Amino acid sequence: MIQEIKKRGAKRILLQFPEGLRYFSSDIVKDISSALPNVEIIVSGDSSWGACDVAEHEARQLGADLIVHYGHSPYTWYYPKFPTIFVETKSTLSLGEKLIKETLDLLLKYKPRKVGLTATVQHVSSIPYVKERLEKEGFQVEVGKPSNPFMHDGQVLGCDYKAGLNVDADLYVNISGGLFHSLGLGLATGKPVIKADPYSDSAEDITKEVYKFLKIRYGKIMQAMSAKSWVIIRGTMTGQDRPMMVKFLNSELKRKGFEVMIVSSRVLNVEVLRNLDRPSIDAFIVTSCPRLPTDDLYGYEKPVLTPGEAKMVINNKLDPYIFPW
């Protein structure tokens, strides 16, 4: 990374971190300053939600000539217009024998014809090891190609599961911490998912959790089937701004005779919706990030849909479930 900064001739750089990594920012500043004493370094204190949230506006405002973005690989369809270095952050955790055994035990219950293997960027380096161990036990394992050349084979994002969808699997194993990515994989593929968590050194079948979540989403879709007045949320983070998607949804809803209002928002939460909402509004569509409706806004009293769910309403077609787009 030091050599890349030198190569680009940067004089003022903005370092951007997700919440869990900003703790290490002071150490990184010291390391860069030691190697490049003539380079001015500014640390962004704002939240970074993913590779879709690169601090381009902030960098321009601060007069920086380079962003160093930690924790993510470049986003699926969007690469920053502002000069940016992506520094992937890989986990140093090794996958223990307990985790492997639990994963194998759960697989045996399903007896799948083919297993799809995926991971988040922090754990993609564990994919070859897990693939080898599963194949030794007789399972046919396939690692799918991602949606762009900047991503790793088998890598999934919170809004991009092409590495899973590109595999004709009966079941998926996802290497990641927490529920976020494994749940999204289940929603996107409609197949059973086993979460292999390196942090807890344990494996868990989350298929029932996915189906429970799916019931909630179908409840929202059914509510929205009778909606006449819609609000389309257009994201203003550069990597979350999808003008063509907004145009399509706006056109299709109006074609069906519905009222539509478009609202821009950089950060969307319950308070933003509450300040916007009124009795005449029936439903919302979030085009910025599909995980906002399913994770942060799923409990809102009116339907808040992903673009894929909105297409299901527009087409009056409940099968298949479309996630995320």
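The model shown is predicted, which means the values in this text are computed figures rather than measured ones.

## Topic: the overall build of the chain
Within the chain one finds twelve helices and 13 strands. Taken against the 2.2 N^0.38 rule, which gives 20 Å for 325 residues, the C-alpha radius of gyration of the chain at 21 Å falls within 12% of a compact globule. Taken over the C-alpha atoms alone, the chain extends approximately 60 × 55 × 30 Å along its principal axes. Residues classed as buried in the chain amount to 54% of the 325 residues present. Sequence separation of at least 24 residues holds for 64% of the intrachain contacts in the chain that already meet a minimum separation of 6. For the chain, the accessible surface area stands at approximately 15,300 Å², while carbon and sulfur atoms represent 53% of it. Counting 42 positive and 38 negative side-chain charges, the chain places the averaged centre of each group 5 Å from the other.

## A look at the domain arrangement of the chain
By domain assignment, the chain separates into domain 1 (1–87), domain 2 (97–211) and domain 3 (226–315). Computed over C-alpha atoms only, the centres of domain 1 and domain 2 are separated by 31 Å. Across the contact, six residues belong to domain 1 and ten residues belong to domain 2. A buried area of about 610 Å², summed over both sides, lies between domain 1 and domain 2, and 56% of it is on carbon and sulfur atoms. Taken together, the links from domain 1 to domain 2 amount to zero salt bridges. Here domain 1 and domain 2 share one residue pair in polar contact (both at pLDDT 80 or more) between them. Residues belonging to the side of domain 1 that touches domain 2 are distributed by class as follows: three nonpolar, three polar and no charged.

## Thoughts on the packing of helix H8 (residues 207–224) against helix H12 (residues 307–314)
The relative placement of two packed helices comes down to the angle between their axes together with the axis-to-axis distance. Where H8 meets H12, the axes come as close as 10 Å, and the angle between the chain directions of the two elements is 45 degrees. The pairing of H8 with H12 is recorded here as oblique in orientation. Two packed elements cross with a definite hand, and for H8 against H12 that hand is right-handed. In this structure, H8 contributes Arg217, Tyr218, Ile221 and Ala224 to the contact, and H12 contributes Glu309, Met312 and Val313. In terms of residue class, the contact of H8 with H12 is made up of five nonpolar, no polar and two charged.

## What to know about the packing of aromatic side chains
This structure, assessed with the given rule, holds six aromatic pairs. Seen in terms of ring centroids, phenylalanine 213 and tyrosine 298 are 6.4 Å apart; in terms of plane orientation they differ by 40 degrees. Their pairing is tilted. Within this pair, whereas phenylalanine 213 is found in helix H8, its partner tyrosine 298 is found in the loop between helix H11 (291–296) and strand S13 (304–305), the two being separated by 85 residues in sequence. We classify phenylalanine 213 as buried; its relative accessible area is 13%.

## So, the pairing of strand S3 (residues 66–70)
With five of its five residues buried, S3 lies for the most part within the structure. Taking every second residue as pointing to the same face, both faces of S3 are buried, with Leu66, Val68 and Tyr70 on one and Ile67 and His69 on the other. Where strand S1 (residues 12–16) meets S3, four bridges bridge the pair, whose relative direction is parallel. For glutamine 16, the partnering residue across the bridge sits in S3 and is histidine 69. Examined bridge by bridge, S3 and strand S4 (residues 84–87) share four bridges and lie parallel to one another. If you follow tyrosine 70 over to S4, its bridge partner there is valine 87.

## Some words on helix H2 (residues 25–35)
Of the residues making up H2, those classed as buried are Ser25, Ile28 and Ile32. Angularly, the buried residues of H2 cover 60 degrees about the axis, an arc narrow enough to put them on a single face. Every exposed residue of H2 that faces more than 90 degrees away from the buried side is listed here: Lys30, Asp31 and Ser34.

## Observations regarding the environment of leucine 268
Its location among the elements puts leucine 268 in the loop between strand S11 (259–265) and helix H10 (270–276). Taking relative accessible area as the criterion, leucine 268 reaches 7% and is therefore assigned buried. Residue contacts for leucine 268: discarding those within four places in its chain leaves Ile233, Leu273, Val286, Leu292 and Leu297.

## Description of the pairing of S1
S1 sits mainly inside the fold: four of its five residues count as buried. Two elements, S1 and strand S2 (residues 40–43), share four bridges in a ladder whose sense is parallel. Bridge pairing in S2 places isoleucine 13 opposite isoleucine 41. As a crossover connection, the stretch from S1 through H2 into S2 is right-handed.

Definitions and cut-offs
- Residues numbered from 1 in each chain as written.
- Predicted model: local features only at pLDDT ≥ 70, side-chain atom pairs only at ≥ 80, totals over all residues.
- Heavy atoms only, no water.
- Helix = DSSP H or I, 4+ residues; strand = E, 2+ residues; numbered from the N terminus.
- Rg over C-alpha atoms; globule rule 2.2 N^0.38 Å.
- Buried < 20%, exposed > 50% of the residue type's maximum accessible area, 1.4 Å probe, protein only.
- Contact = heavy atoms within 4.5 Å.
- Areas by Shrake-Rupley, 256 points an atom, 1.4 Å probe, with all protein chains shown as cover.
- Lys, Arg positive; Asp, Glu negative; His and termini not counted.
- Charge placed at Lys NZ, Arg CZ, Asp CG, Glu CD.
- Domains from an automatic or database assignment.
- Buried area = accessible area lost by both parts, 1.4 Å probe.
- Salt bridge = Lys/Arg side-chain N within 4 Å of Asp/Glu carboxyl O.
- Polar contact = N/O pair within 3.5 Å; in protein donor to acceptor, adjacent residues only side chain to side chain.
- Nonpolar A, V, L, I, M, F, W, Y, C, P; charged D, E, K, R; others polar.
- Axes fitted to C-alpha atoms, helices over the stretch in contact; angles between N-to-C directions.
- Parallel < 35°, antiparallel > 145°, perpendicular 65-115°, else oblique.
- Left-handed = near helix turned anticlockwise from the far one by under 90°.
- Phe/Tyr/Trp six-rings, centres within 6.5 Å; stacked < 30°, edge-to-face > 60°.
- Pairing = 2+ DSSP bridges.
- Arc of directions from axis to C-beta.
- Right-handed = clockwise from strand over helix to strand, strands pointing away.

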